[in-house]
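One-letter residues, chain by chain:
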Number of protein chains: 4
Amino acid sequence: MLAAHPDLAGKAARAGALTAESTAEQASAGLDRLTEDEYAAFHRLNDAYQHKHGIPFIVCVRRHTKASILTQFERRLANDSATEHATALDEVFRIAALRLDQLVAAPDKLPLAGRLSTHVLDTHGGTPAKGIPLTLFEIGPGDARRVVAQTVTNHDGRTDGPLIGGRPVPIGTYELVFEVGAYFAARGVALADPPFLDTVPLRFSVAEAEGHYHVPLLVTPWSFSTYRGS
Amino acid sequence: MLAAHPDLAGKAARAGALTAESTAEQASAGLDRLTEDEYAAFHRLNDAYQHKHGIPFIVCVRRHTKASILTQFERRLANDSATEHATALDEVFRIAALRLDQLVAAPDKLPLAGRLSTHVLDTHGGTPAKGIPLTLFEIGPGDARRVVAQTVTNHDGRTDGPLIGGRPVPIGTYELVFEVGAYFAARGVALADPPFLDTVPLRFSVAEAEGHYHVPLLVTPWSFSTYRGS
Amino acid sequence: MLAAHPDLAGKAARAGALTAESTAEQASAGLDRLTEDEYAAFHRLNDAYQHKHGIPFIVCVRRHTKASILTQFERRLANDSATEHATALDEVFRIAALRLDQLVAAPDKLPLAGRLSTHVLDTHGGTPAKGIPLTLFEIGPGDARRVVAQTVTNHDGRTDGPLIGGRPVPIGTYELVFEVGAYFAARGVALADPPFLDTVPLRFSVAEAEGHYHVPLLVTPWSFSTYRGS
Amino acid sequence: MLAAHPDLAGKAARAGALTAESTAEQASAGLDRLTEDEYAAFHRLNDAYQHKHGIPFIVCVRRHTKASILTQFERRLANDSATEHATALDEVFRIAALRLDQLVAAPDKLPLAGRLSTHVLDTHGGTPAKGIPLTLFEIGPGDARRVVAQTVTNHDGRTDGPLIGGRPVPIGTYELVFEVGAYFAARGVALADPPFLDTVPLRFSVAEAEGHYHVPLLVTPWSFSTYRGS
């Protein structure tokens, strides 16, 4: 049964022969936007994996970024086949659970969704920072960046919804970039020219796709801090 | 006299007709590494400035980055010519003071040198963080980055010398990037996989070329903060 | 009408001639626990105020601590009588609004309740700090301290309810004291002996009785920070 | 020889029969200012210790506060006598080394002096905070507090000398109290009334008498943080 699973980023995807669900899942990790080099790398790894373990490489892509899939691929290629058969089954269960989650309501469902949220506190003025534009980037191999979310903080210094929510938070590296210079200028704060802080990037990684990651920014024109909250 | 000053990034530079000092100064701001587009932009601004104000655009390049020279160029082009003649004289004095500073010793010299330094404190272990690799990048137009300094923290969590010292700190935007993941792993701290914090960038700008900028990093595996110190 | 209002901490209170509501209100600010000196001070101020302005001193005591009532008394004694008559009416409205709030439900009620809450984040372990004992003290004149709330953080690092909620937060100075040493020791963290941080006090003041004050503690065995959140 | 050592806080001290050095040392830990109860406690512990181990309790008092001497007393009473004879010798060497240190200069002296310092950074204004009054208290048994140092920050936000330096930093608990409210008011910052932060206490303990403890305050009108620096 496992052997019948389509290759990741494989010929079936290229040929449009996947189910709608597979297509959406592979898109969520950016597997539909591979460069020729990345496509070739996936292809090589798929072949090596299939040759060594006798099954295609199976991973629940909704829990991953392109970068973490590549990391998983290399680690799991090195495992023994018994381990990989067990891991492949686990991943099939995760894929199934996530697909079913969109169809059924039940009191005892597995935790499937994580959450990534933020909050900007202006510790210069002692208030939530309203109107700060922010962008969440996924950082891929070679520092390539892809916009995941783009929004503006509300009157409570938060975003109206979580940056990622209602689904696993893909395992990977992110940069959350805040535009604070214009905010302080608009409040009439005397700033240096150029201001000491203008664009503030916070770089961090997600390791638990079902975890709650709260990554706030506490900021003045001259200092900032962040932490993993919950 | 001002009219005889060579163009910034101009034909004399291209033809190698500058003095050694002018060459070194223009190199310090990256004016010897212009793309064709940047060269054309400088050329256009030089012509417009010369046409409006009757003198070449003069700026003490050792106090600037390529990005801040372009900003200055556009602002000063908009000024009236009386203002610009005065500004040009000021800049000539700054250039002369910096050149002389390398030749003479005197008790009442103008403050010419700024300083940019850092310090890494491991607030997880309560100790200075030794052995953290760090890189200082200058961020140019279009987010182009150029390595300005690269070093490793010593047993006191500091760098052996300032990142920039004994000269003006060029006005511009910088990113100071610290590799903290390997440091905590080497100390046997249990980390997530991938670690929440691995590569930590701090982005900030310098507005006073003669100022003292101390930009420390206080860091645990789950939080960090920075501020402008002195 | 204003002239018929009972004296604050006055003879009626001592004689038990107040309504149940007045008694509860005066108790909320500690006016039923005055020393002889404090009683004499209130008495002197009451007389001087009545003599100057022709009305008793009226203040909505549920919005105040003993210390801030004394501050108000001295400031308002210095005002002119027209200002004080207006202020006294405002305070009567506040008292009435708070009393009515306990009796009626309406869609357009004035905001009467503030909130004081906290949250402990362990930025050494990257998790909410569970099981931290904490005490909220009100700091009175002469640094006298009175316990206002005492509790332990839950699994989310928060307290099960707000420290003060459903009523105005009395204007005044507070100390929120956290016992963090035992928490880190119980988690097996290697600590100094005695630990660098054991009992952590955070001292702050409340100025808006109807405001939301969130005063979190971010803490490692070697560092901590706080800020006014919302 | 050890048996001839005078009792700590004992009859010889009361009778003025100690050498000048012993007197100064015992004063440094506040042993010349014991209450009757504390004197009785020391007496009881001295007798029990002498009875169990056959020597008086010897400790290098310049490395301790009254509170940490009591803690040491109770711990060391519980040890076996061989351990205590060795410990007593160590302490005699420490006492001798500190006394000699005041008399001789040598290139290979043991590290005898620790240091306690502070630094106030105004992260609202992005500058060192000048003119902040601060007091260092030693916190004794029963939260009794004794002023150890009192000073004002200079133009660099530091104190002109270390708060404790050129000697061991007595092991014990301290509170460093900063008056920040007047500082921000004097700079024209709009503050709440009363200000959210006015008197800021930082409580911490010293465990290594020869260590360097740098305990800075980073502060805005609405937030503050501290950490153990070096």
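Residues numbered from 1 in each chain as written. Chains lettered and ligands numbered in written order. Predicted model: local features only at pLDDT ≥ 70, side-chain atom pairs only at ≥ 80, totals over all residues. Heavy atoms only, no water.

- You'll find chain A entered in an unreviewed UniProt entry as OHCU decarboxylase, with Rhodoplanes elegans given as the organism.
- One UniProt comment on chain A, placed under Sequence similarities (unreviewed entry), says "Belongs to the transthyretin family. 5-hydroxyisourate hydrolase subfamily." (UniProt positions renumbered as here; feature names shortened; annotations may be inferred.)

**Regarding the relation of the copies chain A and chain D**
Right, on to step 1. Once chain A is rotated about the relating axis by 180° and shifted along it by 0.1 Å, it coincides with chain D to within an RMSD of 0.1 Å. Accordingly, the operation relating the two chain copies is best matched by a two-fold axis. Of every C-alpha in chain A, the one belonging to His124(A) sits nearest the axis of rotation, 2.7 Å from it. (Least-squares fit on C-alpha atoms with pLDDT ≥ 70 in both.)

**Section: the packing of aromatic side chains**
Right, on to step 1. Using the criterion set out here, one finds 38 aromatic pairs over all chains in the structure.
Right, on to step 2. For the ring pair Phe204(A) and Phe196(B), a centre distance of 5.7 Å and an interplane angle of 35° mean the geometry is tilted. On the criterion of chain membership, the pair formed by Phe204(A) in strand β8 (residues 199–206) and Phe196(B) in the loop between α6 (181–186) and β8 (199–206) is interchain, its members lying in two chains. Pair check on accessibility: Phe204(A) and Phe196(B) agree, each one buried.
Right, on to step 3. A centroid spacing of 5.8 Å and a plane angle of 25° characterise the contact between Phe196(C) and Trp222(C), whose relative ring orientation is stacked. Remark: Trp222(C) occurs in the loop between β10 (217–220) and β11 (223–227) and Phe196(C) occurs in the loop between α6 (181–186) and β8 (199–206); sequence separation between them is 26 residues. The residues Phe196(C) and Trp222(C) share a single accessibility class, namely buried.
Right, on to step 4. Sitting over the ring of Tyr213(B), Arg228(B) keeps its end group 3.8 Å from the ring centre.
Right, on to step 5. A cation over a ring is seen here: Arg145(D) above Phe137(D), with NZ or CZ 5.0 Å from the ring centre. (Phe/Tyr/Trp six-rings, centres within 6.5 Å; stacked < 30°, edge-to-face > 60°. Helix = DSSP H or I, 4+ residues; strand = E, 2+ residues; numbered from the N terminus. Buried < 20%, exposed > 50% of the residue type's maximum accessible area, 1.4 Å probe, protein only. Lys NZ or Arg CZ within 6 Å of the ring centre and 35° of its normal.)

**Topic: the relation of the copies chain A and chain B**
Right, on to step 1. Each copy of the sequence occupies a distinct position, and chain A is placed on chain B by a rotation of 180° and an axial shift of 0.0 Å, giving an RMSD of 0.0 Å.
Right, on to step 2. Of the residues that chain A buries at the interface, 100% are likewise interface residues in chain B, meaning the two copies contact each other through the same surface. (Contact = heavy atoms within 4.5 Å.)

**Structural notes on the pairing of strand β4 (residues 133–139) of chain C**
Residues and elements named next belong to chain C.
Right, on to step 1. The buried fraction of β4 is high, at six of seven residues.
Right, on to step 2. Alignment of β4 against strand β5 (residues 145–152), held across seven bridges, turns out to be antiparallel. Looking across to β5, one finds that glutamate 138 is bridged to arginine 146.
Right, on to step 3. In this antiparallel pair of consecutive strands, β4 and β5, the connection spans five residues, and glycine 142 shows a positive phi of 70°. (Pairing = 2+ DSSP bridges.)

**As for the interface of chain A and chain D**
Right, on to step 1. Each partner contributes to the interface: chain A provides seven residues, whereas chain D provides seven residues.
Right, on to step 2. When the two sides are added together, the surface that chain A and chain D hide from each other amounts to roughly 600 Å², 57% of it contributed by carbon and sulfur.
Right, on to step 3. At the surface where chain A touches chain D, the tally comes to five residue pairs in polar contact (both at pLDDT 80 or more).
Right, on to step 4. The class makeup of the residues in the side of chain A that touches chain D is one nonpolar, six polar and no charged. (Buried area = accessible area lost by both parts, 1.4 Å probe. Polar contact = N/O pair within 3.5 Å; in protein donor to acceptor, adjacent residues only side chain to side chain. Nonpolar A, V, L, I, M, F, W, Y, C, P; charged D, E, K, R; others polar.)

**A closer look at the sheet that holds strand β1 (residues 114–117) of chain C**
Residue and element names in this part refer to chain C.
Right, on to step 1. Judged by pairing direction, the sheet is mixed, and its three strands sit side by side in the order β6-β1-β9 without closing on themselves. Of all strands in the sheet, those bounded by a partner on one side alone are β6 (164–167) and β9 (212–214). Mean inter-strand twist for the sheet, computed between neighbouring axes without regard to direction, equals 10°.
Right, on to step 2. Both β1 and β9 contribute to a ladder of three bridges, which runs parallel. (Axes fitted to C-alpha atoms, helices over the stretch in contact; angles between N-to-C directions.)

**Let's talk about the interface of chain A and chain B**
Frequently, the measure chosen for interface size is the accessible area removed from exposure when the parts meet.
Right, on to step 1. Every contact between the two is made by 26 residues of chain A and, on the other side, 26 residues of chain B.
Right, on to step 2. Summed over both sides, the interface of chain A with chain B buries roughly 2100 Å², with 64% coming from carbon and sulfur.
Right, on to step 3. Looking only at chain A, the three residues that lose the most surface to chain B are Phe196(A), Arg203(A) and Phe224(A), adding up to 28% of its buried area.
Right, on to step 4. At the boundary of chain A with chain B, the tally comes to eight residue pairs in polar contact (both at pLDDT 80 or more).
Right, on to step 5. Breaking the side of chain A that touches chain B down by element, the ones donating at least two residues are β8 and β11 (223–227) of chain A.

**A look at the sheet that holds strand β4 (residues 133–139) of chain A**
Across a sheet, strands are paired by hydrogen bonds formed along the backbone, either parallel or antiparallel in direction.
Residues and elements named next belong to chain A.
Right, on to step 1. Read from one edge of the open sheet, four strands run β5-β4-β7-β8, paired in antiparallel fashion. On the outer flanks of this sheet lie β5 (145–152) and β8, each paired with one strand and no other. Going across the sheet, the axis of each strand differs from the next one's by a mean of 20°, ignoring polarity.
Right, on to step 2. Relative to strand β7 (residues 172–179), β4 is paired through six bridges, and the arrangement is antiparallel. Bridge assignment links phenylalanine 137 to a residue of β7, and that residue is glutamate 175.

**Section: the UniProt feature "binding site: substrate" (unreviewed entry) in chain A**
All names here are of chain A.
Right, on to step 1. UniProt's feature table lists "binding site: substrate" (unreviewed entry) at His119, Arg158 and Tyr227, given in the numbering used throughout.
Right, on to step 2. Structurally, histidine 119 is set in the loop between β1 (114–117) and β2 (120–122).
Right, on to step 3. Take histidine 119: its relative accessible area is 7%, and that puts it in the buried class.
Right, on to step 4. The residues touching histidine 119, leaving out its near neighbours within four places in the chain, are Asp156, Gly157, Arg158, His214, Val215, Pro216 and Leu217.
Right, on to step 5. Secondary-structure assignment places tyrosine 227 in strand β11.

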